[in-house]
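Structure assessment
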Amino acid sequence: MISRLKGLGIVLAVLGLAFMAAGAFAFIKVQDGQASLNGFSAAQNVTLSYDENGKLGGEEGDAIMALLKNDWKYPVVDAELNPNDPVVNTASEYMYQLATITYHTLNAETTVVLNEDVTAKDGTVYKAGEYTFKNDGRYWTGFDRNNPIEGAARGQIWTATAHALIGELGVGTVTAQALQLGLGLAGLFAGVGFTFLLAGGGLVWATRSEDAAVRVARRVEVTA
């Protein structure tokens, strides 16, 4: 029985070392990914703007944060918004930058020019001329394309650049969150490995003491 427990302890210790090695490998890969994400943002000079008091976004900061927290229900982590490190490299920073671009697009203004009178499907006639169009919170799908003014304004406000930037920042958010999950898995592997190693080492230590006692008892019996 003692030898079996000792063997089990050795197996647990080996498994513990394997889990700790996996945790170390995962941690190294997470650090590599984080360094790459930092370098990508720094190369593009993607940074957040803080004022001298550390307030994010200036006068529009509260409105942008409200869009992010209230409209999109994103769980912003305040610790990830660091005025001493304005480079966008955390999930909350990526989402805030994404919300900033979206906020300005939702509130953008453009001029639509109709070169000739246009009759819509409902019979409404829109005279040729220039029209100032205020977006007023419309997303890409919120425009009435049967209205020639809204139809033209949609492409002028929700430009390919806006879509591309939002898509790129969305990828950055997912990447940052994946790195957070990777860090959590690294900690989990290390914790499980330490538990196995501690349990295995404890079994080996305990069985050594019992094994020594058995050997002493046997010597006493032989001597007697």
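Report follows, based on the coordinates. Bear in mind that the values here come from a model prediction, so they are computed numbers and not experimental data.

**Concerning the pattern of salt bridges**
Charged atoms that come close allow side chains of opposite charge to pair. If you walk through the whole model with that rule in mind, you get three salt bridges. Residue Asp117 is joined to Lys127 by a salt bridge in which the shortest nitrogen-to-oxygen separation is 3.8 Å. Pair noted here: Asp117 is in the loop between strand 1 (109–114) and strand 2 (118–119) and Lys127 is in the loop between strand 3 (125–126) and strand 4 (129–134), with a separation of 10 residues, a long-range link. Exposure remark for Lys127: the relative accessible area of 52% places this residue in the exposed category. Note that Glu150 and Arg138 form a salt bridge whose closest N and O atoms lie 3.8 Å from each other. Of this pair, Glu150 sits in helix 4 (residues 148–157) while Arg138 is found in the loop between strand 4 and helix 4, placing the two residues 12 residues apart along the sequence.

**Some points on helix 2 (residues 61–71)**
Regarding helix 2, the residues found buried are Gly61, Ile64, Met65, Leu67 and Leu68. For helix 2, the angular spread of buried residues about the axis comes to 150°, placing them on one side. Residues Asp62 and Asp71 are exposed on helix 2 and point more than 90 degrees away from its buried face. Count one or two residues on from helix 2 and you reach Lys73, which has phi positive near 60°.

Rules of the game
Residue positions are given per chain, counted from 1 along the sequence in the order it is written. Local features in a predicted model are, by the rule used here, given only for residues with pLDDT of at least 70; side-chain atom pairs are given and counted only at 80 or more, and totals for whole chains, interfaces and linings are based on all residues. Remark: hydrogens and water are excluded; side-chain values derive from all non-hydrogen atoms of the structure. The salt bridge criterion pairs a side-chain nitrogen of Lys or Arg with a carboxyl oxygen of Asp or Glu, the two atoms within 4 Å. Secondary structure elements follow DSSP: runs of H or I no shorter than four residues count as helices, runs of E no shorter than two count as strands, and numbering proceeds from the N terminus. Burial here depends on accessible area, computed with a 1.4 Å probe over protein chains only, as a share of the maximum for the residue type. Under 20% is buried, over 50% is exposed, and the range in between is partly exposed. In this description, one arc is meant: the one made by directions from the helix axis to the C-beta atoms.

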